[in-house]
Amino acid sequence: MSKKGVFIVIEGLDGSGKTTQATLLANNLSKTREVFCTAEPSRGKIGTFIRQGCLYEEKRLPTEAEALLFAADRIEHMKNELAPALSQGKIVICDRYIYSSLAYQGSAGLSLAWIKTINARALQPDFSIFIDVSPEQVLKRLQRKKSVMETLEIQQKVREIYLKFVEEGELILIDGDKQRDVVAEALFAKVLSLLKNINY
Ligand code: TYD
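Just so we're clear, the structure is a prediction, and the values are computed from it rather than from any experiment.

Engineer: Mind showing me how you'd approach the nonpolar core here?
Structural biologist: Nonpolar side chains tend to gather and get buried jointly when the protein is soluble and globular. If you look at the biggest cluster of nonpolar residues, it comprises 28 residues, and the most contacted ones within it are Phe7, Tyr97 and Tyr162. When residues of this core are traced back to their parent elements, those giving at least two are β1 (6-12), α3 (63-87), β3 (91-95), α4 (98-107) and α7 (152-167). Ranked by size, the runner-up nonpolar core spans 18 residues in total, among them Val6, Leu29, Ile174 and Leu187.

Given below as structure tokens:
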């Protein structure tokens, strides 16, 4: 694949506002550039199976099987949606990607090295951004039915793994505890400066 576009990933806890922030970022960038906004689990066959089949307690699969399904969805998503959009020169914004598998399946006890191995064929993003909100705050915000990923203890473990990657310089942190528009502005400014660095 010849990649001409830019691949940006937005990560965060459930209820951190990352989906809203990914949409606002797409709106801001689309004033001057062509943007494709997408999410994982994807809307493809495997992503649909994941959403319908394994995110709730009564339907839970073994953690290894879950990790493999997320990795398989990622490959399908990459081939069918991400790579074509990138080869057309678009800015691709993806709500969740490999760091979600590292943080969620890692917090469920799988080794980060194995999760990296099963995701080794997935395209690497140009930048991955973590919208950081405290686990207490996100649990207050979540009104809908909670998936198995959404207890306080799990959220704390998930956040710890995300923060480890921030410390190691792989994820860029944006403070998500501020008001929606303040977070959106900080995110947009950050992305513009990153795009400038790669001359896009
Ligand atoms: P989420 O972004 O919350 O989807 P939506 O808000 O549209 O329902 O993702 C659903 C859940 O999937 C979320 O709890 C995190 C989990 N997940 C993983 O555990 N591993 C992964 O690799 C991905 C992409 C998601």
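Engineer: How do you make sense of the pattern of salt bridges when you look at a structure like this?
Structural biologist: Oppositely charged side chains can pair when the atoms bearing their charge come close. Scanning all chains against the criterion turns up 10 salt bridges. With a closest N to O distance of 3.9 Å, Lys116 and Glu170 form a salt bridge. With Lys116 in helix α5 (residues 112-118) and Glu170 in the loop between α7 and β5 (172-175), the pair connects residues that are 54 residues apart, well separated along the chain. On the basis of relative accessible area, Glu170 is assigned to the partly exposed category, the value being 33%. The closest approach of N and O atoms between Arg180 and Asp181, which form a salt bridge, is 3.2 Å. Overall, the relative accessible area of 46% leaves Asp181 in the partly exposed class.

Conventions used here
- Residues numbered from 1 in each chain as written.
- Predicted model: local features only at pLDDT ≥ 70, side-chain atom pairs only at ≥ 80, totals over all residues.
- Heavy atoms only, no water.
- Core = buried A, V, L, I, M, F, W, Y, C linked by side-chain atoms within 4.5 Å.
- Buried < 20%, exposed > 50% of the residue type's maximum accessible area, 1.4 Å probe, protein only.
- Helix = DSSP H or I, 4+ residues; strand = E, 2+ residues; numbered from the N terminus.
- Salt bridge = Lys/Arg side-chain N within 4 Å of Asp/Glu carboxyl O.

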